Amino acid sequence: MNKGLVFERRFVLVLRIVLGAIFLLAGGMKFRAPLALVKAIEAYRLLPETVVPWLAISLLLFELLIGLLLVTGWQWRIGALGASLSLLVFLMVLASAWLRQIPIECSCFGAITFLGVTPQAMLFRNMLLLLIALFCYVADFKKQS
Amino acid sequence: MGKLIRDFSWILGMALVCGLIGGIVTVLRPLELASNSRSSFAQNFSKISISEFQKLMQHKQTLILDARAHDFFRLGHVPSAKNVSREKFAEDWAKVMKQVPDLAQRQMVVYCSGIDCDDSFQVAEKLASLGLTHVLIFEGGWEEWEAARLPKESDE
């Protein structure tokens, strides 16, 4: 097999496992304190309060599911696409909060601080993760085409 | 194109399943969710209202601590507050120790973003672990302070 192709596959493998582990960690931290996530979503002031608890639980389940797909490798391309879409939505929500000058706290990893907590750091972190997720998805999509 | 549609269908299916389970959990376990609302040590500290906070501010011995991240503090904070953020507690507290004498004797009031945030409780817990027990929480935080249009300071 072409050396370049082997390297690309290994690179994608490492990236998807790292991405999956990040999603599992984030989902796990939220699972331990789901109400912190409810309050974090409420702080964005985008949705009615009655919907937020349902959304919070659904989101954390979705996050854990994506993490599992990426780490185990089963249907991992779907996991990469799910990760890309969820990160894209979060990026838009984050940008809207920043534009509206709402003081928000991510609550993405519970008490763990991962690459900072400022709005700029959160935007940077999400763009980085989005690029990784998209790269993984596109690399596999191209391979399968 | 067909693959892309198939992938999106998978995502939609996953989202529907998660949404369905989320709905069932929200309906069946609302009380358990509520019990996680604050850090377990939140009950150890007394909470004060904005008017009590303003009264305490008149005493020179009161030390006001802002538990938010540095960037938010720089944008605006309660006058004379010191920034002791949750994530850089050790570093920030070391600075306060150099600036403020007789810390053990002082009444401290900690606040963060607002009623929804937990950082003030976490900072208060860290202070308590250092033996500083005169710590109160202004739970309304910066949001309530700003909403009341009270004076503020910024470092910009």
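A tally of regular secondary structure across chain A gives five helices and zero strands. Expressed as a percentage of its 145 residues, the buried residues of chain A come to 46%. Partitioning the contacts of chain A with sequence separation of at least 6, the portion at a separation of at least 24 is 72%. Carbon and sulfur atoms make up 73% of the accessible area of chain A, which totals about 7,400 Å².

Residues and elements named next belong to chain A. Residue position: R16 is located in helix α1 (residues 3–32). In sequence terms R16 and F135 are 119 residues apart; their C-alpha atoms lie 9.5 Å from each other. The contact partners of R16, leaving out residues within four places of it in the chain, are L70, V71, T72, G73, W76 and C136. Within the structure, the side chain of R16 is placed 2.5 Å from the backbone oxygen of L70, a separation counted as a polar contact.

Glancing now at the confidence of the model for chain B. Confidence in the prediction for chain B averages 85 pLDDT; 90% of positions are at 70 or higher. Model confidence for the complex is summarised by a pTM of 0.59, with the ipTM given as 0.81.

To continue, consider unusual backbone geometry. What is expected of a backbone is that most residues other than glycine have negative phi and most peptide bonds are trans. Of note, the phi angle at A:Q75 is positive, near 50°, even though the residue is not glycine. On the secondary structure map, A:Q75 appears in the loop between α3 (52–72) and α4 (76–99). The backbone of B:R149 shows a phi angle near 55°, a positive value even though the residue is not glycine. Relative to the helices and strands, B:R149 is located in the segment after α7 (141–147). A relative accessible area of 76% places B:R149 in the exposed class.

A word on the packing of aromatic side chains. Counted according to the given criterion, the structure contains seven aromatic pairs over all chains. For the pair A:F7 and A:F11, a centre-to-centre distance of 6.1 Å together with 5° between the ring planes defines the contact as stacked. With A:F7 and A:F11 both in helix α1, this residue pair falls four residues apart, about one helical turn. Both rings, one in A:W74 and one in B:W10, keep their centres 5.9 Å apart while their planes meet at 75°; by these two values the pair is edge-to-face.

The side chains of a regular strand alternate between both faces of the sheet. All names here are of chain B. With four of five residues buried, strand β4 (residues 107–111) lies mostly within the body of the structure. As paired strands, strand β2 (residues 62–66) and β4 are joined by five bridges and run parallel to one another. Each residue of the ladder has a partner; that of T62, found in β4, is Q107. Two elements, β4 and strand β5 (residues 135–138), share three bridges in a ladder whose sense is parallel. The residue bridging V109 from the neighbouring strand is L136, located in β5. One crossover worth recording links β4 to the parallel β5 by way of helix α6 (residues 119–129), and it is right-handed.

Pairing is parallel across the open sheet formed by five strands, whose spatial order is β1-β5-β4-β2-β3 (chain B). At either end of the open sheet lies a strand with only one pairing partner, and these are β1 (46–48) and β3 (82–83) of chain B.

A word on the pairing of β5(B). Residues and elements named next belong to chain B. Burial along β5 is two-sided: the face carrying V135 and I137 and the face carrying L136 and F138 are both buried. Judged from the three bridges that link them, β1 and β5 form a sheet pairing that is parallel. When the bridges of β5 are listed, K47 appears paired with I137.

Turning to the packing of α1(A) against α3(A), a few remarks are in order. All names here are of chain A. Running from amino to carboxyl end, α1 crosses α3 at an angle of 150°, the nearest separation of the two axes being 7 Å. Accordingly, the angle class assigned to the pair α1 and α3 is roughly antiparallel. By crossing handedness, the relation of α1 to α3 is classed as left-handed. Contacts from R16, I17, L19, G20, A21, F23, L24, A26, G27, G28, K30 and F31 of α1 reach α3 at L60, E63, L64, I66, G67, L68, L70, V71 and T72. Grouping the amino acids of the contact of α1 with α3 by side-chain chemistry returns 13 nonpolar, five polar and three charged.

What counts and what doesn't
Residues numbered from 1 in each chain as written. Chains lettered and ligands numbered in written order. Predicted model: local features only at pLDDT ≥ 70, side-chain atom pairs only at ≥ 80, totals over all residues. Heavy atoms only, no water. Helix = DSSP H or I, 4+ residues; strand = E, 2+ residues; numbered from the N terminus. Buried < 20%, exposed > 50% of the residue type's maximum accessible area, 1.4 Å probe, protein only. Contact = heavy atoms within 4.5 Å. Areas by Shrake-Rupley, 256 points an atom, 1.4 Å probe, with all protein chains shown as cover. Polar contact = N/O pair within 3.5 Å; in protein donor to acceptor, adjacent residues only side chain to side chain. pLDDT = per-residue confidence, 0-100. Phe/Tyr/Trp six-rings, centres within 6.5 Å; stacked < 30°, edge-to-face > 60°. Pairing = 2+ DSSP bridges. Right-handed = clockwise from strand over helix to strand, strands pointing away. Axes fitted to C-alpha atoms, helices over the stretch in contact; angles between N-to-C directions. Parallel < 35°, antiparallel > 145°, perpendicular 65-115°, else oblique. Left-handed = near helix turned anticlockwise from the far one by under 90°. Nonpolar A, V, L, I, M, F, W, Y, C, P; charged D, E, K, R; others polar.

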